[in-house]
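Working through the structure, step by step
Next come the chains, spelled out residue by residue.
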2 protein chains.
Amino acid sequence: MSEEKELKTEELILEAAEKVFINKGFAATKTTEIAKEAGVTHAMLHYYFRTKENLFNIVFQNKVQLLANSFFSVVHQDKSFTEIIGSAIEHHFDFIKENPELGLFIINEINSNEKNSKIWSDIAVPIFSNAVSSIKQMIDTEVQKGTIRPIDPVDFVQTVVSLNIFPFISKPLFKNLRHVSDKEYEKFSEQQKKENIRLVLLMLKP
Amino acid sequence: MSEEKELKTEELILEAAEKVFINKGFAATKTTEIAKEAGVTHAMLHYYFRTKENLFNIVFQNKVQLLANSFFSVVHQDKSFTEIIGSAIEHHFDFIKENPELGLFIINEINSNEKNSKIWSDIAVPIFSNAVSSIKQMIDTEVQKGTIRPIDPVDFVQTVVSLNIFPFISKPLFKNLRHVSDKEYEKFSEQQKKENIRLVLLMLKP
DNA sequence: ATTATCTATAGATCTATAGATAATGC
DNA sequence: ATTATCTATAGATCTATAGATAATGC
């Protein structure tokens, strides 16, 4: 069998599943569509993954991990607070730009199924807690120095996430109001990133 | 028949449909569930609304209109620019707080069906265009006076909407990181509103 | 011998309607 | 006479599996 020439069937199904699930959500996705997208017969899907739910869980857990980690790439270097915050926002924005559908997908699935909410709690919350406490330390230090105003670290993270994710989520709402000629969109998107950084630093000013 | 003692069947179905559709989305909603929620037999749903799609369209159009108008309650009074912006944000925030699921519902349905995207364009975009141009006038005037920095009015609206809607949309993501004892949530929510107003005005400073 | 693939179909679920019956308004 | 309601079911999908056949690795 062509071992490496093409992706293996199992891999093809998984990739197709990611695409379709993220696009349509669990409920609206048909296993037949995933099979078609993967270019394999429908029975193969059940042969490798047994159930639709099984396949979904694999996809969902992977994506939760990915999204949760994207919030915090803060590699503590010998940089100033402002620089650390700036580059963290930049990194997060770039990730969201590469994966614009991910946030919405995960929020929707958490809302529609209690089990998914549990998966989120188990995987993402520990990552968050950890990162939030290190951000809290930085904030406390700066507040003591008088360089920023006090702010709840969770509020802070939520505001950053909001500013970065929402432009992509709400794109369809504003689509017909803009001159987004795709060529200009790239530029617009970079401006947005800069503006978000500016706004967050402004918000922190005493 | 009890004309006014209870809601009529048609009304009961419509209200149940709103609830279930907004909660689960079109694809995941079963007409049997709507009937059950309304407390009527399943056949009644089809008797009054013929098809699931029909019923959905009525709900969707109503909600699109509602959401689109919520963005702009700017009654041009004899108030300052700052006051107008502040009260507009406040009004919008309060609306979102009363209807926290609405934004996500509409975004999802636009994403999953081209026809819904068309409905949004037909209903919401005219309302937006109208309001955006009046905001643009206000901004231009203030910019000329040197009281604010120049900003694209669509960007401006999108930022406000983002700051107001996202805390509610992303609530499940941050749920387990907070002390949200429901009694405290009301206070938190009011703080959030104030903070959003502060942030937007800050953003506009030259 | 084991693993991968295919065709065919069982069984569950869901939308929609047919046809009968009850309630309401002239 | 018309409108509203009910029960029963047709017809369309969709998930999952059974059972047969082909490919692969010792």
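Residues numbered from 1 in each chain as written. Chains lettered and ligands numbered in written order. Predicted model: local features only at pLDDT ≥ 70, side-chain atom pairs only at ≥ 80, totals over all residues. Heavy atoms only, no water.

1. Thoughts on the interface of chain B and chain A
Across the contact, 43 residues belong to chain B and 43 residues belong to chain A. Broken down residue by residue, the surface that chain B buries against chain A is led by B:Gln158, B:Phe166 and B:Leu173, which jointly contribute 17%. At the surface where chain B touches chain A, the tally comes to 2 salt bridges. One salt bridge in this structure joins B:Asp155 and A:Arg178, with 2.7 Å as the shortest N-O distance. Joining chain B to chain A, the criterion identifies 15 residue pairs in polar contact (both at pLDDT 80 or more). Listing elements by their share of the side of chain B that touches chain A, those giving two or more residues are helix 6 (102-112), helix 7 (114-145), helix 8 (153-169), helix 9 (171-174) and helix 10 (183-204) of chain B. Per-element tally for the side of chain B that touches chain A: the top contributor is helix 8 of chain B, with 12 residues. Of the residues assigned to the side of chain B that touches chain A, the class counts are 25 nonpolar, 11 polar and 7 charged. (Contact = heavy atoms within 4.5 Å. Buried area = accessible area lost by both parts, 1.4 Å probe. Salt bridge = Lys/Arg side-chain N within 4 Å of Asp/Glu carboxyl O. Polar contact = N/O pair within 3.5 Å; in protein donor to acceptor, adjacent residues only side chain to side chain. Helix = DSSP H or I, 4+ residues; strand = E, 2+ residues; numbered from the N terminus. Nonpolar A, V, L, I, M, F, W, Y, C, P; charged D, E, K, R; others polar.)

2. Considering the packing of aromatic side chains
Applying the stated rule across the entire model yields 21 aromatic pairs over all chains. Centroid distance A:Phe21 to A:Phe56: 5.1 Å. Interplanar angle 85 degrees. Geometry classified as edge-to-face. One end of the pair, A:Phe21, is in helix 1 (residues 9-24); the other, A:Phe56, is in helix 4 (residues 52-70), with 35 residues separating them in the sequence. Note on accessibility: A:Phe21 and A:Phe56 belong to one class, buried. With 6.4 Å between their ring centres and 80 degrees between their planes, A:Phe166 and B:Phe166 make a pair best called edge-to-face. Remark: B:Phe166 occurs in helix 8 and A:Phe166 occurs in helix 8 (residues 153-169); the pair is interchain, linking two chains. Ring-pair connections join several aromatic residues into one group, and the members of that group are A:Phe21, A:Phe26, A:Phe56, A:Phe60 and A:Phe105. Over the aromatic face of A:Phe26 sits the side chain of A:Lys52, whose NZ or CZ is 4.3 Å from the ring centroid. (Phe/Tyr/Trp six-rings, centres within 6.5 Å; stacked < 30°, edge-to-face > 60°. Buried < 20%, exposed > 50% of the residue type's maximum accessible area, 1.4 Å probe, protein only. Lys NZ or Arg CZ within 6 Å of the ring centre and 35° of its normal.)

3. Observations concerning the relation of the copies chain B and chain A
Note on the identical chains: chain B maps onto chain A by a rotation of 180 degrees and an axial translation of 0.0 Å, with an RMSD of 0.0 Å. Such a combination of turn and shift is consistent with a two-fold rotation axis. A share of 100% of the interface residues of chain B reappears at the interface of chain A, consistent with the copies meeting face to face through the same patch. (Least-squares fit on C-alpha atoms with pLDDT ≥ 70 in both.)

4. Points about the nonpolar core
Counting residues in hydrophobic clusters, the biggest one holds 136 residues, and the most contacted among them are A:Ile106, A:Trp120, B:Ile106 and B:Trp120. Those residues in contact with A:Trp120 that lie beyond four places of it in its chain are A:Val64, A:Leu67, A:Ile106, A:Ile110, A:Val125, A:Phe128, B:Pro172 and B:Leu173. (Core = buried A, V, L, I, M, F, W, Y, C linked by side-chain atoms within 4.5 Å.)

5. Some words on helix 6 of chain B
With 8 of 11 residues buried, helix 6 of chain B is to be regarded as a mostly interior element. Every buried residue of helix 6 of chain B is accounted for by B:Leu102, B:Gly103, B:Leu104, B:Phe105, B:Ile106, B:Ile107, B:Glu109 and B:Ile110.

6. Looking at the confidence of the model for chain A
In the predicted model, chain A carries a mean pLDDT of 90, and the fraction of residues at 70 or more is 94%. In the model, residues 1-6 of chain A has pLDDT below 50 throughout and makes 1 contact with residues more than four positions away in sequence or in other chains. (pLDDT = per-residue confidence, 0-100.)

7. Observations concerning the environment of B:Ala35
Residue and element names in this part refer to chain B. Structurally, Ala 35 can be placed in helix 2 (residues 31-38). Its relative accessible area of 3% is what places Ala 35 among the buried residues. In this structure the C-alpha to C-alpha distance between Ala 35 and Ala 16, which are 19 residues apart in sequence, comes to 7.5 Å. Those residues in contact with Ala 35 that lie beyond four places of it in its chain are Val 40, Thr 41, His 42 and Leu 45.

8. With respect to unusual backbone geometry
Residue and element names in this part refer to chain A. Within the chain, Arg 50 stands out as a residue other than glycine whose phi angle is a positive 65 degrees. Here Arg 50 lies in the loop between helix 3 (42-49) and helix 4. With a relative accessible area of 63%, Arg 50 lands in the exposed category.

9. Section: the domain arrangement of chain A
Residues and elements named next belong to chain A. Per the domain assignment, the segments of chain A are domain 1 (3-50) and domain 2 (61-204). Listed by partner, the interface residues are 6 residues for domain 1 and 6 residues for domain 2. Buried area between domain 1 and domain 2, summed over both chains or domains, comes out near 500 Å², and the portion from carbon and sulfur atoms is 58%. When the buried surface of domain 1 facing domain 2 is broken down by residue, Glu 18, Ile 22 and Phe 26 rank first, second and third, together holding 73% of it. On inspection of domain 1 and its partner domain 2, the count reaches 1 salt bridge. Linking Glu 18 and Lys 63 is a salt bridge whose minimum nitrogen-to-oxygen distance equals 3.3 Å. Residue composition of the side of domain 1 that touches domain 2, by class: 3 nonpolar, 2 polar and 1 charged. (Domains from an automatic or database assignment.)

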